[in-house]
Amino acid sequence: MTLEDIAKRMVEGGKSNAALTGAGISVESGVPPFRGKGGLWEKVDPVEFAHIEAFRRDPAKYWSIRGPFIRDLRSIRPNAGHEALAALEADGMLGAVITQNIDGLHQEAGSRSVIEFHGNVAVLYCVECRRRIPSAEAPLDDLPPRCGCGGVLRPDVVMFGEAIPPGPMIRSQEIAGSCAVMLVVGTSGVVQPAASIPLIARRAGALIVEINPDETPLTEAVSDVFLAGKSGEVLPRLLEAVRRAGR
Ligand code: NAD
Ligand code: ZN
């Protein structure tokens, strides 16, 4: 299937097309992924540090990784991949982005319909009194950051060992169950239940287009088309093809 064939299907699908994104789409913005080259995995086991039990046992250790991530985000900008998805939505060629990312970069690029499967680090809340504060205002010099009440603060994200909130879970399943084309971008496809979203879409008859520099377990099992490459390069080319096909 050529880029032109995919573009034609996207023009037919319009707003019922969707995207599922993972850490890979933010790599070109300078955010390290979990797995793959330069991934956090090379330094720590993410399942270990980002597990709710690990956080409860040793919040300072959790924050020694999460603190710099949040601080670095303040100077990080969306890349051409995020921007191409926002442009597809503005053109009426994409109805939603389901993201596993917690960095907020899709919204910053202008995507409006974003389902955050794993939450977002933009907000922290106190594990004792539940008070919520923007992470931009949180004291990150002394880790773990604490609330005025003395309780430890945590980001409003889904840690390993925690359930996906029902809102995003149901919404993602609805979208997957009715989408025409699903773009699966920069995800290793091993973190459940997010990894089952493309499978739901596939079973419902969607065309699954995977974009990743490297093949994943999804490539063989569910993807109809595999576009090898960086999302910051492939997605702008796809956007151009969709615009040509829509004329
Ligand atoms: P992952 O880290 O497991 O896998 C990253 C994938 O991106 C790999 O398949 C890799 O080949 C691919 N990739 C690398 N560079 C790419 C590029 N330039 N363009 C496209 N793809 C590229 O990511 P995951 O599947 O999202 O699972 C990790 C979990 O970790 C998620 O649940 C997510 O919440 C969390 N996480 C989020 C961020 C973030 O918010 N930016 C960063 C790290 C981890
Ligand atoms: Zn508190």
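Residues numbered from 1 in each chain as written. Chains lettered and ligands numbered in written order. Predicted model: local features only at pLDDT ≥ 70, side-chain atom pairs only at ≥ 80, totals over all residues. Heavy atoms only, no water.

## Quick word on the overall build of the protein
On a plain count of helices and strands, the protein comes out with 10 helices and nine strands. For the protein, whose C-alpha radius of gyration is 18 Å, the value lies close to the compact-globule estimate of 18 Å for 247 residues. With the principal axes as the frame, the protein shows a C-alpha extent of 60 × 35 × 30 Å. Sequence-distant contacts in the protein: of pairs separated by 6 or more residues, those separated by 24 or more amount to 66%. Total accessible area computed for the protein in this model is approximately 11,300 Å², and 51% of it derives from carbon and sulfur atoms. (Helix = DSSP H or I, 4+ residues; strand = E, 2+ residues; numbered from the N terminus. Rg over C-alpha atoms; globule rule 2.2 N^0.38 Å. Contact = heavy atoms within 4.5 Å. Areas by Shrake-Rupley, 256 points an atom, 1.4 Å probe, with all protein chains shown as cover.)

## Considering the domain arrangement of the protein
Domain assignment breaks the protein into domain 1 (1-31 + 77-118 + 163-247) and domain 2 (44-75 + 121-157). Computed from C-alpha coordinates alone, the two centres of domain 1 and domain 2 are separated by 28 Å. Across the domain 1/domain 2 interface, buried area totals approximately 530 Å², and carbon plus sulfur atoms make up 63% of it. Here domain 1 and domain 2 share zero salt bridges between them. Of the residues contributing to the side of domain 1 that touches domain 2, the split by class is two nonpolar, one polar and two charged. (Domains from an automatic or database assignment. Buried area = accessible area lost by both parts, 1.4 Å probe. Salt bridge = Lys/Arg side-chain N within 4 Å of Asp/Glu carboxyl O. Nonpolar A, V, L, I, M, F, W, Y, C, P; charged D, E, K, R; others polar.)

## Digging into the packing of aromatic side chains
Under the definition given, this model contains four aromatic pairs. With 5.8 Å between their ring centres and 35 degrees between their planes, Phe-49 and Tyr-62 make a pair best called tilted. In this pair, Phe-49 sits in helix H2 (residues 46-49) while Tyr-62 sits in helix H4 (residues 59-73), placing the two residues 13 residues apart along the sequence. Per residue, the accessibility class of Phe-49 equals that of Tyr-62, and both read buried. (Phe/Tyr/Trp six-rings, centres within 6.5 Å; stacked < 30°, edge-to-face > 60°. Buried < 20%, exposed > 50% of the residue type's maximum accessible area, 1.4 Å probe, protein only.)

## Remarks on helix H10 (residues 231-246)
The first and last C-alpha atoms of H10 sit 22 Å apart over 16 residues, in line with the 22 Å expected at 1.5 Å per residue. Among all positions in H10, only Ser-231, Gly-232, Val-234, Leu-235, Leu-238, Leu-239, Ala-241 and Val-242 are buried. Here the buried face of H10 lies against helix H1 (3-13), helix H5 (80-90), strand E7 (181-185), strand E8 (207-212) and strand E9 (225-228). (Expected span 1.5 Å × (residues − 1).)

## Concerning the nonpolar core
Membership of the largest hydrophobic core comes to 27 residues, with the highest contact counts inside it found for Leu-85, Leu-88, Leu-183 and Leu-235. Sorting the residues of this core by element identifies H1, H5, E7, E8, E9 and H10 as the ones contributing at least two each. Per-element accounting of this core gives the leading share, six residues, to H10. When neighbours within four sequence positions are excluded, Leu-85 is seen to be in contact with Ala-19, Thr-21, Ile-25, Leu-94, Val-97, His-106, Ser-111, Leu-183 and Leu-235. With 25 residues, the next largest nonpolar core counts Phe-55, Leu-73, Ile-102 and Leu-140 among its residues. (Core = buried A, V, L, I, M, F, W, Y, C linked by side-chain atoms within 4.5 Å.)

## Notes on the coordination of the zinc ion (ligand 2)
Ligation of the zinc ion (ligand 2) by protein atoms is provided by Cys-126 (SG), Cys-129 (SG), Cys-147 (SG) and Cys-149 (SG), these donors lying 2.3 to 2.4 Å from the ion. Coordination at the zinc ion (ligand 2) comes from four donor atoms whose angles at the metal span 101 to 120 degrees, giving a geometry best classed as tetrahedral. One chain supplies every donor to the zinc ion (ligand 2), and in sequence these donors are spaced C-x2-C-x17-C-x1-C. With a gap of 23 residues between them, Cys-126 in strand E4 (residues 119-126) and Cys-149 in the loop between strand E5 (132-134) and strand E6 (153-157) connect regions that are remote in the sequence. For Cys-126, a relative accessible area of 0% gives the class buried. (Donors = N, O, S within 2.8 Å, 3.2 Å for Na, K, Ca; no water. Tetrahedral: all angles 85-135°; square planar, octahedral: opposite > 155°, others 65-115°.)

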